[in-house]
Amino acid sequence: MWIVGALIGLAPMVFHGAADACAVCLNGAGGARLTDAFNWSVLFLMAMPYTILFSVIGFFFYSYRRAAKKARGETEKGTPLRLAWIHKESGR
Amino acid sequence: MASEAIARKVVEPALPAFGGGEPPDRPAALSQPLVSNARLALLMLIAAETMFFSGLIGAFIVFRVASQAWPPPFQPRLPVGVTAVNTVILLLSGVAAHLARRAARAGKSALLQRWLSITVALGTVFLAVQGYEWLRLIRYGLKLSSGVYGATFYTLIGCHGAHVLGGTLWLLVVLAQARKGRFTEHDYAGVQLCAMYWTFVVALWPILYGLVYLY
C-alpha cells in the first residue's frame with residue numbers, strides 16, 4: 001500500500017511536463033523572455049506592500065520626532081525651569 | 001554654627017524654583033494624536049492607490065519585458081520631449097502646493113490663495129497638454145484597441161490623468177474655501193490633506209513617465 005502511495009507522491013516529479021498547464025509554470029510556454037517578464041513583475045508587486053508599510057512607519061516616526069521636538073521647544077520656552085536660573089543668578 | 005547650617009537648608013531647598021512636589025506634567029503636544037484621523041484616512045487611500053498603480057505597472061512590466069520590439073512595429077512613437085516639459089510643469093505644481101501648505105501654516109491667507117491658484121493653473125496646463133497629445137496619438141492611430149501597446153499606455157496614463165483631474169477639482173474646492181476665509185493658522189487641515197494628495201499624484205508621474213515614455 002505504501003508503495004502505491006510513494007509512487008503517487010513521486011509522480012509529479014517524474015512527469016513534471018504535465019505541470020506546464022499551471023498558470024504560473026511558464027517554462028516552455030512562452031520562452032525565457034516571458035518568464036523574465038513575469039518574474040520581474042512578481043518581484044515588483046511583492047516589494048510594493050513592504051515599501052508602503054515602511055514608508056508609513058517612516059512617516060509616523062518623523063511625525064513623532066517632530067512633535068517631540070516641538071514639545072521640547074515649548075518646555076524650554078515657558079516652564080518654571082527657567083526660574084531656577086533666575087533664582088541662581090539673583091545672587092542668593 | 002549647626003543651627004545656622006540647618007536654617008540655610010530650610011531657607012534654600014535643593015530646587016527652589018519648584019518648591020517641592022512632582023515634576024511638571026508632560027507637555028500637552030505629546031498627549032495629542034500624532035496624526036489626525038483625516039490624515040490617517042488619506043494615508044490609507046494613498047496606500048490603496050499605490051497598490052492600484054502597482055498592479056497596472058506590474059501588468060505593463062509583463063508586456064514590456066516579454067515583447068520583442070517596443071513600441072511594436074507600425075505603432076506611433078510617444079511624444080517624449082513635450083511630455084518632459086509637461087513633467088517639469090507638474091513638478092512645479094507640486095512645489096506650489098507645498099508653498100501653499102506653508103502659507104496656510106503661517107496664517108497668510110493672501111499667499112495661500114496665490115499658491116493654490118498657481119497649483120490649479122499648472123495642473124490644468126498639464127491636463128491640457130496631455131489631452132492635446134492624446135488627440136494627436138489617436139489621430140496617428142494609437143487607440144485603446146490597437147494592441148497591448150495602446151491598451152497599457154491609455155490605461156496607465158489615463159488613470160493618472162483621472163487622478164490629476166480629481167486633484168485639480170479638489171484644489172479648486174480648497175481655493176474657494178480659502179477665498180471665504182475658511183482656513184486659519186490653527187485650522188488648515190483641508191489644505192494639508194489636499195497638498196498631501198497632490199504630492200502623491202505629482203510624485204507618481206516621473207515614475208510613469210520613465211517607465212512608459214523612456215523605458
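(A) Molecular detail of the side chain of Ser 63 of chain A. Within the secondary structure layout, Ser 63 of chain A lies in helix α2 (residues 31-77). Excluding its chain neighbours within four sequence positions, the residues that come into contact with Ser 63 of chain A are Leu 34 and Val 35 of chain B.

(B) Focus on the packing of aromatic side chains. All names here are of chain B. Overall, the coordinates contain 14 aromatic pairs over all chains when judged by the stated rule. Each ring, one from Trp 70 and one from Tyr 149, has its centre 5.2 Å from the other, and the planes form 85°; the classification is edge-to-face. Here Tyr 149 lies in helix α6 (residues 148-179) and Trp 70 lies in the loop between α3 (37-66) and α4 (80-106), a separation of 79 residues in the sequence. By relative accessible area, which is 15% here, Trp 70 ends up buried. Geometrically, the ring pair formed by Phe 153 and Tyr 213 is edge-to-face, given 5.9 Å between the ring centres and 75° between the ring planes. Taken together, the residues Phe 153 in helix α6 and Tyr 213 in helix α7 (residues 189-214) connect sequence positions 60 residues apart. Stacked on the ring of Tyr 215, the Lys or Arg Arg 64 has its end atom at 4.5 Å from the ring centre.

(C) Molecular detail of the packing of α3 of chain B against α7 of chain B. Residue and element names in this part refer to chain B. For the pair α3 and α7, the least separation of the axes is 11 Å and the interaxial angle reads 10°. For the element pair α3 / α7, the angle class is roughly parallel. For the pair α3 and α7, the crossing hand works out as right-handed. Of the residues in α7, those in contact with Ala 38, Arg 39, Leu 42, Leu 43, Leu 45, Ile 46, Glu 49, Thr 50, Phe 53, Ile 57 and Phe 60 of α3 are Gln 192, Leu 193, Met 196, Tyr 197, Phe 200, Leu 204, Leu 208, Leu 211 and Val 212.

(D) How the structure looks around a positive patch on the surface. Taken together, Arg 66 and Lys 70 of chain A together with Arg 102, Arg 105 and Lys 108 of chain B make up a surface patch of like positive charges. Elements that contribute at least two residues to the positive patch include exactly α2 of chain A together with α4 of chain B. A relative accessible area of 58% places Lys 70 of chain A in the exposed class.

(E) Expanded view of the pattern of salt bridges. All names here are of chain B. Summed over all chains, the structure comprises two salt bridges over all chains. The salt bridge involving Glu 133 is made with Arg 136; its shortest N-O contact spans 3.7 Å. Here the residue Glu 133 and the residue Arg 136 both occupy positions in helix α5 (residues 109-140), the gap between them amounting to three residues, near one helical turn. Look at Glu 133 and you get buried, because its relative accessible area is 5%. Ionic pairing is found between Asp 187 and Arg 182, a salt bridge with its closest N-O pair at 3.1 Å. Here Asp 187 falls in the partly exposed class, since its relative accessible area comes to 35%.

(F) Main features of the confidence of the model for chain A. Per-residue confidence for chain A averages 76 on the pLDDT scale, and 63% of its residues sit at or above 70. Within chain A, the element-level pLDDT minimum falls on helix α3 (residues 81-89) of chain A, averaging 55, and the maximum on α2 of chain A, averaging 87.

(G) Quick look at the side chain of Thr 50 of chain B. In this fold, Thr 50 of chain B is placed in helix α3. Looking at Thr 50 of chain B, the relative accessible area reads 18%, which means it is buried. Setting aside its immediate chain neighbours within four residues, Thr 50 of chain B contacts Met 48 and Ile 52 of chain A together with Phe 200 of chain B.

(H) Region of the structure containing the packing of α4 of chain B against α7 of chain B. Residues and elements named next belong to chain B. Where α4 meets α7, the axes come as close as 9 Å, and the angle between the chain directions of the two elements is 160°. When the interaxial angle is binned, α4 and α7 end up roughly antiparallel. Along this stretch, α4 crosses α7, giving a crossing that reads as left-handed. Of the residues in α7, those touching α4 at Val 80, Thr 83, Ala 84, Thr 87, Leu 90, Leu 91, Ser 93, Gly 94, Ala 97, Ala 100, Arg 101 and Ala 104 are Val 191, Gln 192, Ala 195, Met 196, Trp 198, Val 201, Val 202, Trp 205, Pro 206, Tyr 209, Tyr 213 and Leu 214. For the contact of α4 with α7, a count of residues per class yields 18 nonpolar, five polar and one charged.

(I) A look at the nonpolar core. Of all hydrophobic cores here, the largest spans 54 residues; its most connected members are Leu 112 and Phe 153 of chain B. Residue assignment for this core shows that the elements contributing at least two residues are α2 of chain A together with α3, α4, α5, α6 and α7 of chain B. In terms of residues, this core owes the most to one element, α7 of chain B, which gives 16 residues. Setting aside chain neighbours within four positions, we find Leu 112 of chain B in contact with Ala 100, Ala 103, Ala 104, Ala 178, Phe 183 and Val 191 of chain B.

Calculation rules
Residues numbered from 1 in each chain as written. Chains lettered and ligands numbered in written order. Predicted model: local features only at pLDDT ≥ 70, side-chain atom pairs only at ≥ 80, totals over all residues. Heavy atoms only, no water. Helix = DSSP H or I, 4+ residues; strand = E, 2+ residues; numbered from the N terminus. Contact = heavy atoms within 4.5 Å. Phe/Tyr/Trp six-rings, centres within 6.5 Å; stacked < 30°, edge-to-face > 60°. Buried < 20%, exposed > 50% of the residue type's maximum accessible area, 1.4 Å probe, protein only. Lys NZ or Arg CZ within 6 Å of the ring centre and 35° of its normal. Axes fitted to C-alpha atoms, helices over the stretch in contact; angles between N-to-C directions. Parallel < 35°, antiparallel > 145°, perpendicular 65-115°, else oblique. Left-handed = near helix turned anticlockwise from the far one by under 90°. Patch = residues over 30% accessible without salt bridge, like charges linked within 9 Å, V, L, I, M, F, W, Y side chains within 5 Å. Areas by Shrake-Rupley, 256 points an atom, 1.4 Å probe, with all protein chains shown as cover. Salt bridge = Lys/Arg side-chain N within 4 Å of Asp/Glu carboxyl O. Lys, Arg positive; Asp, Glu negative; His and termini not counted. Charge placed at Lys NZ, Arg CZ, Asp CG, Glu CD. pLDDT = per-residue confidence, 0-100. Nonpolar A, V, L, I, M, F, W, Y, C, P; charged D, E, K, R; others polar. Core = buried A, V, L, I, M, F, W, Y, C linked by side-chain atoms within 4.5 Å.

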